[in-house]
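Commentary on secondary and tertiary structure
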Amino acid sequence: MAIVIDASDILAKNKSLPVEGFFIDTNILICYKDPFGASLNNVKQTKYNNSITQFLNRPKSSGVKGYSTLSVAIEFYKYIQIGYFYTQFPNDKFEAKKFKDLKEKDSDFRGGLQTYFNLFKKIFNKEFPILTKNSDKIDYLNDFDVLKADFGDHALLKSVLAHDKKYHGIFTGDADFYNYSEEFYLITFNNKIIAKATSEKKLYLNK
Amino acid sequence: MKKITIVDLIQSPVLLSPEKGQILLKELKSQLEKSKKINLDFSGFKFFSSSFLNNSFGQLCLDLNISEKDFFNKISFSGLSEDDIDEINLTIHNAQVRRKLKKEDVNVDKFYKKLIPA
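Thresholds applied
- Residues numbered from 1 in each chain as written.
- Chains lettered and ligands numbered in written order.
- Predicted model: local features only at pLDDT ≥ 70, side-chain atom pairs only at ≥ 80, totals over all residues.
- Heavy atoms only, no water.
- Pairing = 2+ DSSP bridges.
- Helix = DSSP H or I, 4+ residues; strand = E, 2+ residues; numbered from the N terminus.
- Axes fitted to C-alpha atoms, helices over the stretch in contact; angles between N-to-C directions.
- Contact = heavy atoms within 4.5 Å.
- 1 Å grid on protein atoms, 1.4 Å probe; cavity = no way out; pocket = protein on both sides within 12 Å on 5 of 7 lines; lining within 4 Å.
- Points joined across faces, edges and corners; volume = space filled by probe spheres on them.
- Nonpolar A, V, L, I, M, F, W, Y, C, P; charged D, E, K, R; others polar.
- pLDDT = per-residue confidence, 0-100.
- Phe/Tyr/Trp six-rings, centres within 6.5 Å; stacked < 30°, edge-to-face > 60°.
- Buried < 20%, exposed > 50% of the residue type's maximum accessible area, 1.4 Å probe, protein only.
- Lys NZ or Arg CZ within 6 Å of the ring centre and 35° of its normal.

Comments concerning the sheet that holds strand E5 (residues 184-188) of chain A
Residue and element names in this part refer to chain A. Ordered by their spatial adjacency, five strands build an open sheet running E1-E5-E4-E2-E3, and the pairing between neighbours is parallel. Only two strands of the sheet have a single neighbouring strand rather than two, namely strand E1 (2-6) and strand E3 (65-67). Taken pair by pair, the neighbouring strands of this sheet meet at an average axis angle of 30 degrees, ignoring direction. Looking at chain direction, strand E4 (residues 169-171) and E5 are connected through three bridges and run parallel. Across the sheet, Ile170 pairs through a bridge with Leu186, a residue of E5. Sheet strands touched by helix H7 (residues 151-161): strand E2 (21-24), E4 and E5. Its angle to E4, the strand with the most contacts, is close to 145 degrees.

A closer look at the layout of surface pockets
Taken as a whole, the largest pocket spans an internal volume of roughly 910 Å³. Lining the largest pocket we find 26 residues, and of these Asn27(A), Cys31(A), Tyr48(A), Pro117(B) and Ala118(B) sit closest to its centre. For the lining of the largest pocket, the secondary-structure elements that each account for two or more residues are helix H2 (26-33), helix H3 (43-57) and helix H4 (70-88) of chain A. Considering every element that reaches the lining of the largest pocket, the biggest residue donor is H3(A), with five residues. By residue class, the composition of the lining of the largest pocket is nine nonpolar, nine polar and eight charged.

Brief notes about the sheet that holds strand E3 (residues 38-41) of chain B
Residues and elements named next belong to chain B. Taken in spatial order, the three strands make up an open sheet running E1-E3-E5, and their pairing is parallel. Each edge of the open sheet carries a strand with a single partner, namely strand E1 (2-5) and strand E5 (75-78). Averaged over all pairs of adjacent strands, the angle between strand axes in this sheet comes to 25 degrees, irrespective of strand direction. Against the sheet, helix H2 (residues 18-34) touches E1, E3 and E5, its axis set at about 155 degrees to E3.

Points about the confidence of the model for chain B
Of all residues in chain B, 100% have pLDDT values of 70 or greater, and the mean over the chain is 95. Here the predicted complex scores 0.91 on pTM and 0.92 on ipTM.

What about the packing of aromatic side chains?
All names here are of chain A. The final tally for this structure, using the stated rule, is 36 aromatic pairs over all chains. When the ring of Tyr77 is compared with that of Phe120, the centres are 5.5 Å apart and the planes differ by 70 degrees; the resulting orientation is edge-to-face. Within this pair, whereas Tyr77 is found in helix H4, its partner Phe120 is found in helix H6 (residues 107-127), the two being separated by 43 residues in sequence. Taking relative accessible area as the criterion, Tyr77 reaches 28% and is therefore assigned partly exposed. Judged by its relative accessible area of 14%, Phe120 is buried. Above the face of the Phe55 ring, Arg58 is positioned so that its terminal group lies 5.9 Å from the ring centre.

Now the structure itself:
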């Protein structure tokens, strides 16, 4: 059962987290890094970006570290790849073959892509390193239910649960995680998740 | 060269809100009228958000029609790590892309909304 942590409450009351490390979901990472500057002139998104930035810069001082998984890195890479294509060809449909051809033959296209790839490398090398658990086999597929969650979310949860309990935290805005029966901390700014957790007594209350 | 100490200008080491970005934007516009080159000293800052960068440097490029090359000719930085500079590079690059899309008559509000996760 997911125990929900209200990230706004953690920030407002300067509370500590019950984990030593947490994993970041792709949706949070995209809103935080905002690779294409999509939040400019978007009040709601800017506010969300600020809340995430504040939250992610807070736990550093308390020793809590943020991590990522390979599945998150792949999802983020796809987001950059497709988003970059659309910034260059806003009226076209994404085509993997066209993307590959441009990457090989068009130095301007390649140069622009490199700017985003530098960000990608920095995120997953330094800010939220990919934490892998190589010693055990992780069964990603046995209990995967496509109607319950996306495979990316499922793979993230499975990777997190393969680690020690002190890392069982996921920072996400995605309500699908709430439906999992496994024990972990769901850190979120999503008011719908927080309201549901409050009514179902699944909200983390730090004394 | 005019030197601006960011933490003094913003009166905080945390560079988070778009409003703080707009304070820097206003100062940059005013100083660029008087000086050809500006040095921005970030010494003592704790962190910045992408919305701070978008609303200061990104908006400056859009408002004054400044190219990537011109931006770095006019403005230099101190007190920042290489990673911080990379983030500024990205902001300036994104401003150029946004301007290009506007020129191509793309509805940018609609376009960028599509790039935000549901």
